[in-house]
Amino acid sequence: MKGKILAGSMALSVGLLLSSGVWAQDAKQAFEQAYADYQAMLEVQETPRSELSEAAFEAYQTGRNYFGDDSINSANLAINFLKSSYSAGKDDEILKSMGDLILSVYEAELSKTDARWLDAYDATMSIPYSDYRKQQLREGYLALIAPLQATNPQLYAATLVDGAKYWYREDIRLAPILEPALEQFDKDLPASDLNVLTLQLYLAHNHFSKNRRNSAIELYESIIADANVEDPAGRRLELLSHAALVELYERNGESDQATAHCVAIGAAQPWSEDSGPEPLFRVNPVYPISYATKKLSGSVTVQFDIDESGFVTNAQPIHSEDTPPEFVRSSIEAVENWRYAPKFENGQPVAAIGQTVQLDFNIQ
């Protein structure tokens, strides 16, 4: 059979080129039915993600059985699944098997400069491979997109974002990769460019994770200064930077510096009437050693106010008569150090009275 299955409007799919040959009829029918079911589900917005995940995986499995392990069709079905959000929760060994198939087939079928490698790298960089294998993928991806730096800076920035969304979480230093590119983007692209700001955010997150706090603070402040807050994506980057700065300044013991960012978040995101506020910065209560050795457990409900700057005030326990006293003391000391975005009314921050939170102490 010859023909072509096209993805149509399915953004997450790549084309599947159907090879001619004699296939077992049941395998052919199983794949065609699974793939048709998957496409039909994608057309229905209300389809639960769990069902989409199973349908996408079934299409991959039946397709791999039909086309074989050395077929680019099987590799493309694996890419479809891995590039979707459905792969979360799958066993690591299954994901690695899919990635190995993609890489082996693409290496056999395509030149390393073929643009279709972008999909392969994007899919396989999400897999929990060893650090060495991740480095190989990262180097291959960077070599593939390198020519874009001179010919198309905008596309180069976009493809760097696609890679950095994985890399910033890894145990590597992103600065040697991103800083030279960001220096070039300063000349070629506007400071408010979303891809540039996103790269700065990933680099700031990476600095933060490596405890390079001053470098992270500088980048987060730069994002806030340059983001176009009229654009929802720009506003999102600004708010993420404000939230990160609250935690950074609090960790540095600079609560007054954190206040402006607490207030900025409160102004931009009014409190929901349906749920209580979430802390922007929190410290966990200390589990008393004497209680831990005795495997004592308990819960403490703390009532408190949040002032106009997002500080916790008037923290006190409620319904704690039967709670071990050290749990109460530890809970109060923790909550007093939390920070919130203040409540706003008529465009002004106001105190929020009578908030509550429950802290649980359990030893497994």
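Residues numbered from 1 in each chain as written. Predicted model: local features only at pLDDT ≥ 70, side-chain atom pairs only at ≥ 80, totals over all residues. Heavy atoms only, no water.

Caption draft 1: Region of interest: the overall build of the chain. In terms of regular secondary structure, the chain is built from 15 helices and seven strands. Seen through its principal axes, the chain has C-alpha atoms that stretch 75 × 55 × 40 Å. Looking at the chain residue by residue over its 364 residues, the buried ones come to 45%. Counting contacts in the chain only where the partners sit at least 6 residues apart, residues at least 24 apart contribute 66% of the total. Surface summary for the chain: the accessible area is close to 18,900 Å², and the carbon and sulfur share equals 47%. With 29 positive and 52 negative side-chain charges, the chain shows a separation of 6 Å between the mean positions of the two kinds. (Helix = DSSP H or I, 4+ residues; strand = E, 2+ residues; numbered from the N terminus. Buried < 20%, exposed > 50% of the residue type's maximum accessible area, 1.4 Å probe, protein only. Contact = heavy atoms within 4.5 Å. Areas by Shrake-Rupley, 256 points an atom, 1.4 Å probe, with all protein chains shown as cover. Lys, Arg positive; Asp, Glu negative; His and termini not counted. Charge placed at Lys NZ, Arg CZ, Asp CG, Glu CD.)

Caption draft 2: Up close: the nonpolar core. Membership of the largest hydrophobic core comes to 80 residues, with the highest contact counts inside it found for Ile102, Tyr106, Leu160, Trp167, Phe185 and Tyr220. Formed by 18 residues, the second largest nonpolar core is a distinct cluster that contains Tyr291, Val300, Ile306 and Ala352. (Core = buried A, V, L, I, M, F, W, Y, C linked by side-chain atoms within 4.5 Å.)

Caption draft 3: Geometry of the sheet that holds strand β4 (residues 312–318). Taken in spatial order, the three strands make up an open sheet running β4-β3-β7, and their pairing is antiparallel. Two strands bound the open sheet, and with one partner strand each, they are β4 and β7 (352–361). Averaged over all neighbouring strand pairs, the angle between strand axes comes to 25°, with direction disregarded. Sheet analysis places strand β3 (residues 298–306) next to β7, joined by eight bridges and oriented antiparallel. Residue pairing for β7: isoleucine 306 is matched across the bridge by alanine 352. Relative to the sheet, helix α15 (residues 325–335) contacts β3, β4 and β7, its axis offset from that of β3 by approximately 35°. (Pairing = 2+ DSSP bridges. Axes fitted to C-alpha atoms, helices over the stretch in contact; angles between N-to-C directions.)

Caption draft 4: Geometry of helix α2 (residues 49–67). In a regular helix each residue adds 1.5 Å, so 19 residues correspond to 27 Å; α2 covers 26 Å between its end C-alpha atoms and thus fits that length. The complete set of buried residues in α2 reads Leu52, Ser53, Ala55, Ala56, Phe57, Ala59, Tyr60, Thr62, Gly63, Tyr66 and Phe67. Looking one or two residues past α2, glycine 68 carries a phi angle of roughly 100°, positive in sign. (Expected span 1.5 Å × (residues − 1).)

Caption draft 5: Region of the structure containing unusual backbone geometry. At asparagine 211, a position not held by glycine, the phi torsion is positive, near 65°. With respect to the helices and strands, asparagine 211 occurs in the loop between α10 (194–209) and α11 (213–226). If you check the backbone angles, lysine 295 has positive phi at about 55° while not being a glycine. Note on placement: lysine 295 falls in the loop between α14 (289–293) and β3.

Caption draft 6: Examining helix α5 (residues 117–124) more closely. Of all eight residues making up α5, six are buried, and the element is well covered by its neighbours. Restricting attention to buried positions, one finds in α5 the residues Trp117, Ala120, Tyr121, Asp122, Ala123 and Thr124. If you follow the buried residues of α5, they end up packed against α3 (72–83), α4 (92–109), α6 (131–145) and α8 (153–167).

Caption draft 7: Region of the structure containing the side chain of glutamine 200. Structurally, glutamine 200 can be placed in helix α10. Taking the relative accessible area as the measure of exposure, glutamine 200 reaches 10% and is therefore buried. Sequence-distant contacts of glutamine 200, that is, excluding residues within four places in its chain, are made with Leu182, Leu219, Ser222 and Ile223.

Caption draft 8: Structural detail: the pattern of salt bridges. Across all of its chains, the model carries 17 salt bridges by this definition. The partner of aspartate 171 in a salt bridge is lysine 210, and the shortest N-O contact between them spans 2.4 Å. Placement of the pair is aspartate 171 in the loop between α8 and α9 (175–188) and lysine 210 in the loop between α10 and α11, with a sequence separation of 39 residues. Under the relative-accessibility criterion, lysine 210 is labelled partly exposed at 26%. Three or more residues are tied together by salt bridges with common partners; here these are Lys83, Asp119, Asp122 and Lys165. (Salt bridge = Lys/Arg side-chain N within 4 Å of Asp/Glu carboxyl O.)

Caption draft 9: A look at the confidence of the model for the chain. Looking at the chain as a whole, the pLDDT averages 90, with 93% of positions reaching at least 70. Across residues 1–13 the pLDDT falls below 50, and counting only partners more than four positions away or on other chains, this stretch makes 29 contacts in the model. Note on residues 18–23: pLDDT under 50 across the span, and 13 contacts to partners over four residues away in sequence or across chains. (pLDDT = per-residue confidence, 0-100.)

Caption draft 10: Structural view of the packing of aromatic side chains. Considering all chains together, one arrives at 18 aromatic pairs under this definition. With a centroid separation of 5.5 Å and 90° between ring planes, the pair formed by tyrosine 287 and phenylalanine 327 is classed as edge-to-face. Residue tyrosine 287 is located in the loop between α13 (255–268) and α14, and its partner phenylalanine 327 is located in helix α15; the two are separated by 40 residues in the primary sequence. Among the residues examined, phenylalanine 327 registers a relative accessible area of 0% and is labelled buried. By way of ring pairs, the aromatic residues Phe31, Tyr35, Tyr38, Tyr66 and Phe67 are connected into one cluster. The side chain of lysine 112 reaches across the aromatic face of tryptophan 117, ending 3.9 Å from its centre. (Phe/Tyr/Trp six-rings, centres within 6.5 Å; stacked < 30°, edge-to-face > 60°. Lys NZ or Arg CZ within 6 Å of the ring centre and 35° of its normal.)

Caption draft 11: Highlighting the environment of asparagine 73. Structurally, asparagine 73 is set in helix α3. What makes asparagine 73 buried here is its relative accessible area of 0%. Sequence separation between asparagine 73 and valine 286 is 213 residues, and the spatial gap between their C-alpha atoms is 54 Å.

Caption draft 12: Up close: the environment of lysine 28. As for its position among the elements, lysine 28 is in helix α1 (residues 25–42). By relative accessible area, which is 17% here, lysine 28 ends up buried. When the C-alpha positions of lysine 28 and tyrosine 66 are compared, they lie 6.0 Å apart, and in sequence the two are 38 residues distant.

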